[in-house]
Amino acid sequence: NEKLQKKRTQHIKELEEKRKAICIRFKRIPQIEAALSQTAIATAKAILNGKNTKEELTKLKEINLKLQNELKEILKKASLPTNYLELKYDCEKCKDTGYIDGKMCTCLKNMLRAETYNQLNALSPLSLSTFDSFDLHHYEDSNRVKMEKILNYCIEYAKNFTKNSDNLFMNGATGLGKTHLSLAIANELIKKGVGVIYVSTPNIVTKLEKEKFRYNEEWKDNTESHLVNCDLLILDDLGTEFQTTFSNATIYNIINSRILYDKPTIISSNMSPQKIQNSYSERLVSRLWGHYKLISFCGKDIRSKIGTEKAKIFKKGNAKSR
């Protein structure tokens, strides 16, 4: 893995810089290191020769320990830890190689998972969607109270999120803030180190379909496994995908698997519950209505309203500058 190689190279560079600095202060250190190297060579020769091995090895061991203790005393004198000149690793288990006895180390698995999450989340407007930027004033008076309750519910959901949190089905017309609030939840959870993946349904169905035809035995860590196993999956715009046998089966498999593994999922859709029922299989609909908390967004398209307000401000600013 390129990132692990960069880490190892950086640690070696840092150690060499530290070593140079300390050797300038204490001239005896390079002499001790050279002597330790010589005892290692002498030990190897003694084992190969096989004559008086025990006596020779005992003598070399005493010399080695004496040199190590002298080095430790110098480091203590410099108020440095005794392992100051040892190579450091981010992962002591695999020594930053990514593998232990030919098997992938947990650190590499986590790194690959994080990279996959970053790639899947790359197209989402995460940085633009926060609870603070969700403005209730854009909603009409008759809907503002209900939307405030939804906002507060989402804030509490993010605050108290656990692996046992509810599945949410955010439903309502376009432009009412479903994507904004689901991404605001994602933003808060990512700060806590929760593994969140946000995907739009049409995009992920297309990606999975492409992967299906280039899948091979060596590439087992595929996208669908990440969608199933991440801590929270946000499946945005359900119903906007081109519906085929493959897309319907894929969506069902992801949703059903996450229910079986008790993994929370947030789904948003512009489709009414009735249209969802008419568009998808009975078994998928039963999973949605039986395992998801329905959150109904109300009002008129606030994105259009925000766009109109911005246009007015821009027009007013231009008029003043004339």
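Since we're looking at a predicted model, the values are computed, not measured.

What follows deals with the packing of helix H1 (residues 2–25) against helix H2 (residues 28–49). Packing of H1 against H2 leaves a shortest axis separation of 7 Å and a crossing angle of 115°. Judged by residue contacts, Arg19, Ile22 and Cys23 of H1 engage Ile29, Pro30 and Glu33 from H2. Here the residues of the contact of H1 with H2 sort into four nonpolar, no polar and two charged.

For strand E6 (residues 265–269), a buried count of five out of five residues is recorded, marking the element as mostly surrounded by other parts of the structure. Burial of E6 is two-sided: the residues Thr265, Ile267 and Ser269 facing one way and the residues Ile266 and Ser268 facing the other way are all buried. With four bridges joining them, strand E3 (residues 167–171) and E6 adopt parallel strand pairing. Following the sheet pairing, Asn171 is matched in E6 by Ser269. Taken together, strand E5 (residues 232–236), helix H9 (residues 245–260) and E6 form a β-α-β motif whose crossover is right-handed.

A word on the side chain of Ser200. Positionally, Ser200 belongs in strand E4 (residues 196–200). Here the side chain of Ser200 touches Asn203 through a polar contact of 2.9 Å, side chain to side chain.

Turning to the environment of Lys300, a few remarks are in order. If you trace the backbone, Lys300 turns up in the loop between strand E7 (292–296) and helix H12 (302–321). Residue classification places Lys300 among the exposed residues on the basis of a relative accessible area of 60%. In this structure, the C-alpha to C-alpha distance between Lys300 and Tyr139, residues 161 residues apart in sequence, is 7.5 Å. Apart from residues no more than four positions distant in its own chain, Lys300 is found in contact with Glu140, Gly175 and Leu176.

Turning next to helix H3 (residues 53–77). With 25 residues, H3 should reach 36 Å at 1.5 Å per residue; the first-to-last C-alpha distance of 36 Å fits that figure. Along H3, the positions that sit buried rather than exposed are Thr53, Leu60, Asn64, Leu67, Leu71, Ile74 and Leu75. Summarising the contacts, the buried residues of H3 are in contact with H2. Of the residues one or two after H3, Ser79 is the one with positive phi, at around 60°.

Applying the stated rule across the entire model yields six salt bridges. With a shortest N-O distance of 3.2 Å, Lys95 and Glu92 are connected by a salt bridge. The exposure class of Glu92 is partly exposed, given its relative accessible area of 46%.

Any segment with low pLDDT has predicted coordinates that should not be analysed in fine detail. Mean pLDDT over the protein chain: 82, with 85% of residues reaching 70 or higher. Ignoring residues within four places in sequence, the model shows residues 216–221, a span with pLDDT below 50, making five contacts including any to other chains.

Another point: the pairing of E3. The buried fraction of E3 is high, at five of five residues. Neither face of E3 is exposed, since Asn167, Phe169 and Asn171 on one face and Leu168 and Met170 on the opposite face are all buried. With five bridges connecting them, E3 and E7 associate as parallel partners. Bridging from a neighbouring strand, Met170 pairs with Ile295 of E7.

Reading the values: the criteria
Residues numbered from 1 in each chain as written. Predicted model: local features only at pLDDT ≥ 70, side-chain atom pairs only at ≥ 80, totals over all residues. Heavy atoms only, no water. Axes fitted to C-alpha atoms, helices over the stretch in contact; angles between N-to-C directions. Helix = DSSP H or I, 4+ residues; strand = E, 2+ residues; numbered from the N terminus. Contact = heavy atoms within 4.5 Å. Nonpolar A, V, L, I, M, F, W, Y, C, P; charged D, E, K, R; others polar. Buried < 20%, exposed > 50% of the residue type's maximum accessible area, 1.4 Å probe, protein only. Pairing = 2+ DSSP bridges. Right-handed = clockwise from strand over helix to strand, strands pointing away. Polar contact = N/O pair within 3.5 Å; in protein donor to acceptor, adjacent residues only side chain to side chain. Expected span 1.5 Å × (residues − 1). Salt bridge = Lys/Arg side-chain N within 4 Å of Asp/Glu carboxyl O. pLDDT = per-residue confidence, 0-100.

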